[in-house]
Amino acid sequence: MKSHTTHLWLNTKNRIEFINITGKVEEEVKKSGIKEGLVLANAMHITASVFINDNESGLINDFQEWLHKLVDTKKDYKHNLTGEDNAYAHLMRTIMGREAVVAVTSGKLDFGPWEQIFYAEFDGQRKKRVMVKVIGE
Amino acid sequence: MKSHTTHLWLNTKNRIEFINITGKVEEEVKKSGIKEGLVLANAMHITASVFINDNESGLINDFQEWLHKLVDTKKDYKHNLTGEDNAYAHLMRTIMGREAVVAVTSGKLDFGPWEQIFYAEFDGQRKKRVMVKVIGE
Amino acid sequence: MKSHTTHLWLNTKNRIEFINITGKVEEEVKKSGIKEGLVLANAMHITASVFINDNESGLINDFQEWLHKLVDTKKDYKHNLTGEDNAYAHLMRTIMGREAVVAVTSGKLDFGPWEQIFYAEFDGQRKKRVMVKVIGE
């Protein structure tokens, strides 16, 4: 069994921002030399997500608007008594998920027609990491 | 390390429909000949889910009713300006999740007493795929 | 490829309770002797979750309060016609997720600064299991 591990660094311009990282994950799969296996991509921070959906800017807008309906950003959260102001970001990340596990087949991400991997930042404007780990043969 | 990859094809009668695929995933694990490892099952389309829960028809009904509370199907979503009418389906799939990763032990799905794997379709009535990839030894 | 499988047993004092299981998962990774690979941790019951977030008691409180907003615990769910009273627990578990997949690098959980693994129980006060499966080399 072979493995390949990378931490991708990201820094968003906005506090809430979604970034398409499909190309970067594909690159790591290529570097790994692994033909058959799995790749794990996860946010290494607890106010960010990795998720798979459509690369369509209207939909990204819809996601963010919807998250503001499910999560009240103005509420007096207990977490914010610690001096933080990002409790909402922990909740939004929970809806979007921490990680994606993707099949690697014939050396490529084995994706359906519209699957794309996104990093979703909910408390950004600082350097954060995404784990990419490929295992297989 | 061994691996085994299948794309299952599914076509639902209704636009929103949940299908128990546990038997089909078990069959692929058996075909793989893998005794110890992991199996990944994921929707290959971005308006569908694979999730694990109880095979109880009342609960499946509760899930669908609850999703209609969390996701407004009638809203003027930006995604629908592209000519689509399925923005709600992308959001519902996000709640239910894209994938399940299951332990394979002694050649079987290593499940608790009530765990069953479901395909959840939110924009069906057409052919779609589920990835099943087993890796291990 | 090596593998290591354990079922952890847990019993909560309260019906809804979150428990930090990071140390227990780390112990299994150590026992496995695996240096490079993946570890899967999942609830083996369908009214409980394994998720990754911050070990901060205020936030745990915020999570539980938020789940009560997204899921009505008093509703007449169809599932409860079977004699159960835990339909709400199936829905809350869906928000928090069933499983976490974590990279193992140099024999350790390859985590960002604040990542911790939690078991979230939504219908407890009885013995339940968490799967921990490590694969790699």
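Residues numbered from 1 in each chain as written. Chains lettered and ligands numbered in written order. Predicted model: local features only at pLDDT ≥ 70, side-chain atom pairs only at ≥ 80, totals over all residues. Heavy atoms only, no water.

1. A few points about the relation of the copies chain C and chain B
Phase 1: For the pair chain C and chain B, the superposition axis carries a translation of 0.0 Å, the fit reaches an RMSD of 0.0 Å, and the rotation angle comes to 120°. Such a combination of turn and shift is consistent with a three-fold rotation axis.
Phase 2: Here only 19% of the interface residues in chain C have copies in chain B that are interface residues too; the copies meet through unlike faces. (Least-squares fit on C-alpha atoms with pLDDT ≥ 70 in both. Contact = heavy atoms within 4.5 Å.)

2. Notes on the sheet that holds strand 3 (residues 37–43) of chain C
All names here are of chain C.
Phase 1: One open sheet accounts for 5 strands, arranged 1-8-3-5-6; its pairing is antiparallel. Only two strands of the sheet have a single partner each, and these edge strands are strand 1 (2–10) and strand 6 (108–109).
Phase 2: The sheet contact formed by strand 5 (residues 99–105) and strand 6 spans 2 bridges and is antiparallel. When the sheet's bridge partners are listed, Thr-105 is paired in strand 6 with Lys-108.
Phase 3: Its contacts with the sheet put helix 1 (residues 22–32) on strand 1, strand 3, strand 5, strand 6 and strand 8 (128–136), and the angle it makes with strand 1 is roughly 150°. (Pairing = 2+ DSSP bridges. Helix = DSSP H or I, 4+ residues; strand = E, 2+ residues; numbered from the N terminus. Axes fitted to C-alpha atoms, helices over the stretch in contact; angles between N-to-C directions.)

3. Details of the interface of chain B and chain A
Phase 1: Between chain B and chain A, the residue contacts involve 31 residues of the former and 35 residues of the latter.
Phase 2: Here chain B and chain A share 3 salt bridges between them.
Phase 3: A salt bridge links Glu115(A) to Arg98(B), with the nearest nitrogen and oxygen atoms 2.8 Å apart.
Phase 4: Applying the counting rule to chain B against chain A returns 15 residue pairs in polar contact (both at pLDDT 80 or more).
Phase 5: Listing elements by their share of the side of chain B that touches chain A, those giving two or more residues are strand 1 (2–10), strand 3 (37–43), helix 3 (87–96), strand 5 (99–105) and strand 8 (128–136) of chain B.
Phase 6: No other element matches the 6 residues that helix 3 of chain B contributes to the side of chain B that touches chain A.
Phase 7: Tallied by class, residues from the side of chain B that touches chain A come to 14 nonpolar, 9 polar and 8 charged. (Salt bridge = Lys/Arg side-chain N within 4 Å of Asp/Glu carboxyl O. Polar contact = N/O pair within 3.5 Å; in protein donor to acceptor, adjacent residues only side chain to side chain. Nonpolar A, V, L, I, M, F, W, Y, C, P; charged D, E, K, R; others polar.)

4. Considering the packing of aromatic side chains
Residue and element names in this part refer to chain A.
Phase 1: Counted according to the given criterion, the structure contains 15 aromatic pairs over all chains.
Phase 2: Centre to centre, the rings of Phe-18 and Phe-122 are 6.0 Å apart; their planes meet at 90°, and the pair counts as edge-to-face. A residue pair is termed long-range when its members are at least 10 positions apart, and Phe-18 in strand 2 (residues 17–20) and Phe-122 in the loop between strand 7 (116–121) and strand 8 (128–136) qualify at 104 residues.
Phase 3: Overall, the relative accessible area of 11% leaves Phe-18 in the buried class.
Phase 4: Classification of Phe-122 as buried rests on a relative accessible area of 0%.
Phase 5: Following the ring pairs from residue to residue traces out a cluster consisting of Phe-18, Phe-51, Phe-63, Trp-66, Phe-118 and Phe-122.
Phase 6: Note that Lys-127 overlies the ring of Trp-9, its terminal NZ or CZ placed 4.9 Å from the centroid. (Phe/Tyr/Trp six-rings, centres within 6.5 Å; stacked < 30°, edge-to-face > 60°. Buried < 20%, exposed > 50% of the residue type's maximum accessible area, 1.4 Å probe, protein only. Lys NZ or Arg CZ within 6 Å of the ring centre and 35° of its normal.)

5. Observations regarding the interface of chain C and chain B
Phase 1: The interface of chain C with chain B comprises 31 residues on the first partner and 35 residues on the second.
Phase 2: Taken together, the two surfaces of chain C and chain B that pack against each other cover about 2700 Å², and 60% of this comes from carbon and sulfur.
Phase 3: The tally of links between chain C and chain B comes to 3 salt bridges.
Phase 4: A salt bridge links Lys75(C) to Glu65(B); its shortest N-O distance comes to 2.8 Å.
Phase 5: One can count 15 residue pairs in polar contact (both at pLDDT 80 or more) joining chain C with chain B.
Phase 6: Those elements that place two or more of their residues in the side of chain C that touches chain B are strand 1, strand 3, helix 3 (87–96), strand 5 and strand 8 of chain C.
Phase 7: The greatest single-element share of the side of chain C that touches chain B, amounting to 6 residues, is contributed by helix 3 of chain C.
Phase 8: Residues that form the side of chain C that touches chain B fall into these classes: 14 nonpolar, 9 polar and 8 charged. (Buried area = accessible area lost by both parts, 1.4 Å probe.)

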